Each structure stands twice: as structure tokens, then as C-alpha cells.
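Chain and residue survey
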Amino acid sequence: MVMNFKGARVEQEKGIKYETIADYMAKDLITFSPDQEIAEAIDIMLKKRISGGPVLNEKRELVGMLSEKDCLKVLVQSSYHNIPSGKGKVSDFMSSNVKTLEMDMDVVACANEFLNTYFRRFPVTENGILKGQISRRDIMRAAQKIKATTW
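The structure presented is a predicted model; accordingly, all values stated were derived computationally and were not measured.

Each value, and the rule that gives it
Residues numbered from 1 in each chain as written. Predicted model: local features only at pLDDT ≥ 70, side-chain atom pairs only at ≥ 80, totals over all residues. Heavy atoms only, no water. Helix = DSSP H or I, 4+ residues; strand = E, 2+ residues; numbered from the N terminus. Buried < 20%, exposed > 50% of the residue type's maximum accessible area, 1.4 Å probe, protein only. Areas by Shrake-Rupley, 256 points an atom, 1.4 Å probe, with all protein chains shown as cover. Pairing = 2+ DSSP bridges. Phe/Tyr/Trp six-rings, centres within 6.5 Å; stacked < 30°, edge-to-face > 60°. Lys NZ or Arg CZ within 6 Å of the ring centre and 35° of its normal. Polar contact = N/O pair within 3.5 Å; in protein donor to acceptor, adjacent residues only side chain to side chain. Contact = heavy atoms within 4.5 Å. Salt bridge = Lys/Arg side-chain N within 4 Å of Asp/Glu carboxyl O. Lys, Arg positive; Asp, Glu negative; His and termini not counted.

Quick look at the overall build of the protein now. When you go through the protein residue by residue, the secondary structure sums to 5 helices and 5 strands. When its helices and strands are written in sequence order, the protein yields α-β-β-α-α-β-α-β-β-α. Of all 151 residues assigned to the protein, the portion counted as buried reaches 31%. Accessible surface computed for the protein: about 11000 Å², of which carbon and sulfur atoms make up 52%.

Put into C-alpha cells, the structure is as follows:
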């Protein structure tokens, strides 16, 4: 007599579907212009308690990102060159090599992007058009909703 100790066969899910970053991204963004004075941009960041934001040209196209780290360059350059702090345009200090994420990316893939870069936020686009911004904190909110059983 042959005994079979295999349990009932359970079909494996083909892959767990996670929510997209569009569900968690910020849509009402504070943006900057490349021609804006850097001192004004820093004032806005401090008043609005934000750590950065997208830089858009006159056609509302994404041309860069301005971060707190970029703004610290203002202090260093002014002390190094012995000039008054806060002189210059946003375009002089912003990061122009910007990595964007598409709106349909899932939150786990996005978390992986954050783990593999030092960025705190990514602009979110749809067909090349800026639609929002996703931050590490937004992904932490998404992670909080994912049930332990899906891991």
C-alpha cells in the first residue's frame, strides 16, 4: 500500500498585485522655476516645511529638482567665494539629472527604488508629464496598509 502525504494542492497566485504609487503620491505640489531666486525658493521651503520640490520651466515641463541638499550649496559657495548668501537662481543649484517614476509603478517597486538610491522623493510622471511626487514617507504609509499575509 502506497501512502501519499501530500496535502491538497493549492493554486499559487501568479503574483500579488500591490497598489500603485498614484494612490499615495502628493498631487498638489509646490514647484519652483529655474529663473526664481534661490533665496526665495529657500524661504518657501522653510515656510511650507518641505524638503524640496520639482523645478518646472515656462511650459510646465520638469527640468530639475531642488532639495535641501542643493540649497546647502548656497551656504558653502557663498562662504568659499566670500559673497553674500542667497545669490543666484534655482537653476544654478538644482539637480537637473532627475529620475522619474511612472504613475502605474507599484509601491513595492518604488520602495526598492528608494532603497537603491539616496533620493528622498521622486517626481511621478505619466507619458512624460509631471503628475505628482512620491516620498519615502508616502511609501511608508503604503507599507503600513499591506497585510502581513501578503509578504
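What follows deals with the pairing of strand 5 (residues 129–135). By the criterion of burial, strand 5 is predominantly enclosed, with 5 of the 7 residues buried. Taken together, the 6 bridges between strand 4 (residues 121–126) and strand 5 define a ladder with antiparallel strand orientation. If you follow Pro123 over to strand 5, its bridge partner there is Gln133. A loop of 2 residues connects strand 4 with strand 5, the two strands running antiparallel in sequence, and Asn127 in this loop sits at a positive phi of about 55°.

On inspection of all chains with the given rule, the structure shows 3 aromatic pairs. Pairing Phe114 with Phe122 gives two aromatic rings, centres 4.9 Å apart and planes at 45°, and the pair type is tilted. Of the residues examined, Phe122 reaches a relative accessible area of 1% and is grouped as buried. Aromatic rings pair up to connect Phe114, Tyr118, Phe119 and Phe122 into one cluster. The side chain of Lys69 reaches across the aromatic face of Tyr118, ending 5.1 Å from its centre.

Below, the discussion takes up the side chain of Thr125. For Thr125, the location among the structural elements is in strand 4. By relative accessible area, Thr125 is classed as buried at 4%. A polar side-chain atom of Thr125 sits 3.0 Å from a polar atom in the side chain of Glu102. Sequence-distant contacts of Thr125, that is, excluding residues within four places in its chain, are made with Thr100, Leu101, Glu102, Met103, Leu130 and Lys131.

Let us look at the pattern of salt bridges. A full pass over the atoms with the stated rule returns 5 salt bridges. Between Glu19 and Lys145 there is a salt bridge, and its shortest N-O distance comes to 3.9 Å. Here the residue Glu19 occupies a position in the segment before helix 1 (38–48), and Lys145 occupies one in helix 5 (residues 136–145), the gap between them amounting to 126 residues. A residue is classified by how much of its surface remains accessible, and Glu19, at 33% relative accessible area, is partly exposed. By relative accessible area, Lys145 is classed as exposed at 56%.

The subject of this paragraph is the side chain of Arg121. On the secondary structure map, Arg121 appears in strand 4. There is no salt bridge for the buried Arg121, and the closest opposite charge comes from Glu68, which lies 5.6 Å off by N-O distance. Discounting chain neighbours no more than four positions away, the residues touching Arg121 are Ser51, Gly52, Met65, Ser67, Phe114, Gln133, Ile134 and Ser135.

The values are spatial; any link to function lies outside them.
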